[in-house]
Amino acid sequence: ELEVALKVVIVGNGGVGKSSMIQRYCKGTFTKDYKKTIGVDFLERQIEVDGEEVRLMLWDTAGQEEFDAITKAYYRGAQACVLAFSTVDRESFEAAHSWKLKVENECGEIPTVIVQNKIDLMDHSVVNPEEAELLARALGCRLIQTSVKEDLNVGAVFRHLAAQCLAE
Ligand code: GDP
Ligand code: MG
């Protein structure tokens, strides 16, 4: 039986919760100050989708996203993408378009989910729900709201991406 392995890249401005999301999904933990383990490019988790085993390799950036310094190697061969912004960081929301273009330039059109993280902080939201939906529609992607902290909807993001990849 063929094993399906998918390289997933997680992009978005610094501080939106990308490393936390990978950590949460692959290790089941959440910390306030996650530090990237030097030398580890990705974490993995295996799931079953429609009776098929899928190995997801979640690639983390080394934290230089603000300096436009993410290497080609990071994007190389990526088959799916999580594009994240934060409910309480307006700039991260406004940067979503350019992140989509960047991924498209490096990888072509690959299944992508827009993630609005930190919905546990909805009381302090700087992005209204209609805008978020409009963004997702403009980018042709599904929008999923998550709280990595409260462990809300994180699994749904990766199940959705895996299912999209298998359907292609
Ligand atoms: P990255 O720069 O995108 O990798 O972001 P990090 O994963 O390092 O997270 C930045 C900060 O946001 C950390 O202090 C996390 O603990 C925090 N964080 C991540 N996800 C959530 C969330 O869903 N809710 C809240 N309140 N904080 C979060
Ligand atoms: Mg990080």
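All residue numbers here refer to positions counted from 1 along the written sequence of the relevant chain. Chains and ligands are labelled by the order in which they are written, letters from A for the one and numbers from 1 for the other. In keeping with the predicted nature of the model, local features appear solely for residues at pLDDT of at least 70, side-chain atom pairs appear and are counted solely at 80 or more, and the whole-chain, interface and lining totals rest on all residues. Calculated side-chain values reflect all of the structure's heavy atoms, with hydrogen atoms and water omitted.

### Notes on the site of ligand 1
In the region of ligand 1, 18 residues are neighbours, and Gly15, Lys18, Ser20, Lys32 and Asp120 sit closest. Counted as a polar contact is a pair of N or O atoms within 3.5 Å, where, for protein atoms, one must be capable of donating a hydrogen and the other of accepting one, and residues adjacent in sequence contribute only when both atoms are in side chains. At a separation of 2.7 Å, an oxygen atom of ligand 1 approaches a polar backbone atom of Gly15. Between ligand 1 and Thr31 there is a distance of 3.1 Å, counted from an oxygen atom to a backbone nitrogen or oxygen. Each accessible area is a Shrake-Rupley estimate made with a 1.4 Å probe; only the visible protein chains count as cover when residues are assessed. Relative to its unbound accessible surface of 580 Å², ligand 1 loses 82% to contact with the protein. We count a stretch as a helix when DSSP gives it H or I for four or more residues in a row; a strand needs E for two or more, and each element gets its number in order from the N terminus. A total of three residues in the shell around ligand 1 trace back to one element, the largest contributor, which is helix H1 (residues 18–27). Split by residue class, the shell around ligand 1 holds four nonpolar, nine polar and five charged. Being near a molecule or strand, for a residue, comes down to having at least one heavy atom within 4 Å of it. Here the nonpolar group is Ala, Val, Leu, Ile, Met, Phe, Trp, Tyr, Cys and Pro; Asp, Glu, Lys and Arg are the charged ones; every other residue, Gly included, is treated as polar.

### A look at a negative patch on the surface
What makes a patch is a set of residues exposed beyond 30% relative accessible area and free of salt bridges, joined within 9 Å when like-charged and within 5 Å when nonpolar (Val, Leu, Ile, Met, Phe, Trp, Tyr). Here a salt bridge means any side-chain nitrogen of Lys or Arg lying within 4 Å of a carboxyl oxygen belonging to Asp or Glu. Neither His nor the chain ends contribute to the count of charged residues, in which Lys and Arg are positive and Asp and Glu negative. To locate a charge, take atom NZ for lysine, CZ for arginine, CG for aspartate or CD for glutamate. Negative charge collects at one region of the surface, where Glu48, Asp50, Glu52 and Glu53 lie side by side. Counting through the fold element by element, Glu52 comes out in strand S3 (residues 52–59).

### Regarding helix H4 (residues 96–107)
To estimate the expected span of a helix, count its residues, drop one, and scale the result by 1.5 Å. With 12 residues, H4 should reach 16 Å at 1.5 Å per residue; the first-to-last C-alpha distance of 16 Å fits that figure. To sort residues, take the accessible area from a 1.4 Å probe on protein chains only and compare it with the maximum for the residue type: under 20% means buried, over 50% means exposed, and anything in between is partly exposed. If you check which residues of H4 are buried, you get Ala96, Trp99, Lys100, Val103 and Cys107. In a view along the axis of H4, the buried residues occupy a sector of 100°, so they form one face of it. Among the exposed residues of H4, those oriented more than 90 degrees off its buried face are Leu101 and Asn105. Between two residues, a contact is recorded if the distance between any of their heavy atoms is within 4.5 Å. The inward-facing, buried residues of H4 contact strand S1 (4–11), helix H2 (72–75), strand S4 (80–86), helix H3 (90–94), strand S5 (112–117) and helix H5 (129–139). In the stretch just after H4, Gly108 is the one whose phi turns positive, near 75°. What the arc covers is the set of directions going from the helix axis to the C-beta atoms.

### Comments concerning the nonpolar core
One finds Val8, Leu56, Val82, Ile114 and Phe158 to be the most contacted residues of the largest nonpolar core, which totals 54 residues. Once residues lying within four places of it in the same chain are set aside, the contact partners of Val8 are Leu56, Met57, Leu58, Trp59, Ala80, Cys81, Val82, Phe158 and Leu161. What we call a nonpolar core is a set of buried Ala, Val, Leu, Ile, Met, Phe, Trp, Tyr and Cys residues that are connected through their side-chain atoms within 4.5 Å.

### Some thoughts on the sheet that holds S5
Think of a sheet as strands paired side by side through backbone hydrogen bonds, with each pair either parallel or antiparallel. Note: two strands are recorded as paired if DSSP finds a minimum of 2 bridges between them. The strand order across the open sheet formed by six strands is S2-S3-S1-S4-S5-S6, and the pairing between neighbours is mixed. The open sheet has two edge strands, strand S2 (42–49) and strand S6 (142–145), and neither has a second partner. Pairwise comparison of adjacent strand axes, ignoring direction, gives a mean angle of 25° for this sheet. As paired elements, S2 and S3 share eight bridges and run antiparallel to each other. In the sheet register, Arg45 faces S3, and the bridge partner there is Leu56. Together, S1, S4 and S5 form the strand contacts of H4, whose direction differs from that of S4 by roughly 165°. All axes are obtained by fitting lines to C-alpha atoms, using only the stretch in contact for helices, and the reported angles, taken between N-to-C directions, cover 0 to 180 degrees.

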